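Residue strings, one per chain:
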Amino acid sequence: MSGSQAGEARFLKRRVKGCTLDVHPTEKALVVQYEVEATVVRAQGGPVIGERKECQKIIRLKSLNANTNTLSLARKVVEECRLIHPSKVHEVDQLLFYLQNRQQSNGEAEKSRVSPRDLPSCAGVELGEEANINRVDEYVELLYEDVQEKIRGAALILQLAQNPDNLEELLQNETALGALARVLREDWKQSLDLAATVVCIFFCFSSFSQFHGLVTHFKMGALSMSILEHELRRYDSWQDELEKKRKADILETPGTLKREHDKSFRKYQSLLAKQEQLLRVCLGLLLNLAEDTRTELKMRNKNIVHMLVKLLERQDQDLLLVVVCFLKKLSIFLENKNDMVELSAVQKLSRLVPGQHEDLLSTTLRLLLNLSFDTELRGQMVRAGLVPKLSSLLADEAQRQLSMRVLYHISMDDPSKAAFADTDCLPQLMRMVSESGEEKMDVELISLCINLAADESNARVICQGDGLQLLMKRALKLKDVLVMKMIRNLSQHGGDTKSLFLDHVGDLAARISESEPEEFAMECLGTLANLTLPDLDWELVLKEYNLVPYLKQRLKPGSAEDDLVLEVVIMIGTVSLDDSCAAMLAKSGIIPALIELLNARQEDDEFVCQIVYVFYQMVFHEATREVIVKDTQAPAYLIDLMHDSNAAIRRVCDNTLDIIAEHDEVWGKKIQNEKFRWYNGQWLDMVEHRQTDEAGEHFLRGPDGEPFCGNGAELFYTADGVLSGDASPDFYSDFQAGEPARNGFPARTASDPTSRSSSTPPRGQCFVLPLVRVLFSASERQAPGDPGEPPDREVSRHEDPAVA
């Protein structure tokens, strides 16, 4: 360059071009890509040198969460970052919205929380010098001196190991690593500081999977387990010693012993801090090595779970964080989970909730979530008082999702649902439902609400004020099936809760039509079917909303999904409580449709039970009794189901047949004959398979020890009732000849439609029954429950596949 050019004034001109925006792949941050063009120009204006460089700026958005107003945040970002032109506000808003709704994978979420690799270095050893990688041999020499020099040498090597760039070079120095392993094996009991420092060096290696072979080679895992076991025993001895001194202070007068106790307690606190530091790095090393399931199994065989649960009693939060992390990893295996059940780990974890340490609290909730898949552990959580504690965390946005998932699992158990009524959980859940507006609710939120609505005490809390009105408004406006499922669970409870639905019957009935989504119509139908209210005029509802054709159409096999058809049958049973509605349904031809459905679904106990219950309601009313008995074959089907294996079906059949037998003599005779035939067959089967020994002879005696045959009066059960007194020989001869005796019963013919050949006894066999069955009249019999209540049904329960 010439002298004239050197003296010439020059200027640097900088220009930013090509700004593009994108989201960070893992963090909640925006990435700004731009190009900087730098040009050196002369004073006269001509360019001399030009250079371009691509640059990147990351804008981290710590305040971004599910409730953030993305547009406002976008304007703030554009205002503070000069690289982004104001015209890109809407683009920034879209990127922020994507970040707001992006779900982290499990691995990323775990990494963002806590990792044992982030444990701070060993405390308690302070050096006034800085380590140099070129002086490693000098530091190794110190490991052959006294304990203090060994601590100094190990601390200097630890400084180097904390820098990942030095690990490869340290790996090549087998002498240094061998000396460290030897010092730890020989001297770890002499000094807690020395043991913690050396273990921390190997912990740095264990933070990288490629160095696990090195750590295993020097048997650091087995040695760490030995250290853990020894230190736990030492802690127990410290506790015993302190307790003895405390008792001595109580018995003796204050003075010297008091001062000695205070001195011992201060020494104990100092040793405890060093011990917990050692335990922390040992557990961190073991947790890193547990990436290999075979290594983890060896730890389990050495009772690592018992040690960890015992450490939950400690107060140091950094140590607790590693312990809970380790337990969370172990909890996914059945054997480890069973150990935690036996050791009452949940009881010890409950004191950590809630807490001020965010990472510890979050990790504890994740462990509780893993454990909450077990029924017994869920019961322990309730008994440990975790329901109100977890409910209080719903207000904490950072912990809301985890706590809600644990509460959801607890709510799956019916005995645990009532524990929510006395907490602030339900008001908070209803507030969240209200604040969600027309947006889609979180699956965890509505799933928890559905389960809790199945409990009567919870239902009263939910329906307080305008709770039910809020839910109905949302469900009907958005056609929200899950909210409707929650309302359906609320409708099953009696008392004041059920009476609140009177104002919404019309809205629900209007949604039962062909035009509505089938799943939503099914929930509305199920809700109406639960409303067994005496003040409800079902005849008016059926006529005003023209529901009878809809119900009849859905009874045809294959016309709809089985769940919807079943709800239609239950609805018919509910409206049949009203005699005028029962008559309307009978005239519409629904009874033959029910019989056809019964034939098609005879293997499904739920269908059979609900259809039989409809018949029970029909025969209860005089207006429809004749239709059932005279115009249909329903009684014959009921006789066939009288001895069904399902107890609920048998109970409803018995009650229905008792009413029919009382009001129709012909069917009454058939029913009585069938019952006689069945009991007689049961008796004969029992006698044929019973040996004639003392036990059999004893069985044929009455409660007073007298035999049923031979002495005293005998009881004979016939189709016409009970015969008392001595039977004459003519009775036996007539019976054996197959002829009807004077006070006996007629022989059954093959043409009898209600006969059962499988249970018919051979002709000529005598039957003597010690049991007498009496048929009560309709006014005397005891129904299984309120005639107006349908058979027991399973409560709707929402299962979330993503959570479960």
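Residues numbered from 1 in each chain as written. Predicted model: local features only at pLDDT ≥ 70, side-chain atom pairs only at ≥ 80, totals over all residues. Heavy atoms only, no water.

1. A short note on the packing of aromatic side chains
Given two aromatic rings, their pairing is described by the distance between the two centres and the angle made by the two planes. This structure, assessed with the given rule, holds eight aromatic pairs. With centroids separated by 6.2 Å and ring planes inclined at 90 degrees, the aromatic side chains of Trp238 and Tyr268 adopt a geometry described as edge-to-face. Here the residue Trp238 occupies a position in helix H11 (residues 220-251), and Tyr268 occupies one in helix H12 (residues 256-289), the gap between them amounting to 30 residues. Accessibility expressed as a relative area gives 13% for Trp238, which makes it buried. Tyr268 gets classed as buried once you look at its relative accessible area, which sits at 11%. Measuring from ring centre to ring centre gives 5.6 Å for Tyr616 and Phe620, while their planes differ by 50 degrees; the resulting arrangement is tilted. Of this pair, Tyr616 and Phe620 are both found in helix H36 (residues 605-620), four residues apart, which corresponds to roughly one turn of the helix. Three or more aromatic residues link up through ring pairs in this structure, and these residues are Phe205, Phe208 and Phe211. Above the face of the Tyr235 ring, Arg314 is positioned so that its terminal group lies 3.8 Å from the ring centre. (Phe/Tyr/Trp six-rings, centres within 6.5 Å; stacked < 30°, edge-to-face > 60°. Helix = DSSP H or I, 4+ residues; strand = E, 2+ residues; numbered from the N terminus. Buried < 20%, exposed > 50% of the residue type's maximum accessible area, 1.4 Å probe, protein only. Lys NZ or Arg CZ within 6 Å of the ring centre and 35° of its normal.)

2. What to know about the packing of helix H23 (residues 425-435) against helix H24 (residues 443-452)
At a closest axis distance of 11 Å, the pairing of H23 and H24 adopts a crossing angle of 130 degrees. As judged from the angle between their axes, H23 and H24 are oblique. Viewed along their axes, H23 and H24 form a crossing whose handedness is left-handed. Across the interface between the two elements, Cys425, Leu426, Leu429, Met432 and Val433 from H23 touch Leu445, Leu448, Cys449 and Leu452 from H24. When grouped by side-chain class, the residues that make up the contact of H23 with H24 number nine nonpolar, no polar and no charged. (Axes fitted to C-alpha atoms, helices over the stretch in contact; angles between N-to-C directions. Parallel < 35°, antiparallel > 145°, perpendicular 65-115°, else oblique. Left-handed = near helix turned anticlockwise from the far one by under 90°. Contact = heavy atoms within 4.5 Å. Nonpolar A, V, L, I, M, F, W, Y, C, P; charged D, E, K, R; others polar.)

3. Comments concerning the confidence of the model for the protein chain
Per-residue confidence for the protein chain averages 80 on the pLDDT scale, and 78% of its residues sit at or above 70. Per-residue pLDDT, averaged within each element of the protein chain, yields its smallest value for helix H4 (residues 106-113) (40) and its largest for helix H14 (residues 304-311) (96). Note that pLDDT drops below 50 for residues 104-117; the model gives that stretch 23 contacts with residues more than four away or on any other chain. In the predicted structure, residues 708-788 sits below a pLDDT of 50 and forms 139 contacts with residues beyond four places in sequence or in another chain. (pLDDT = per-residue confidence, 0-100.)

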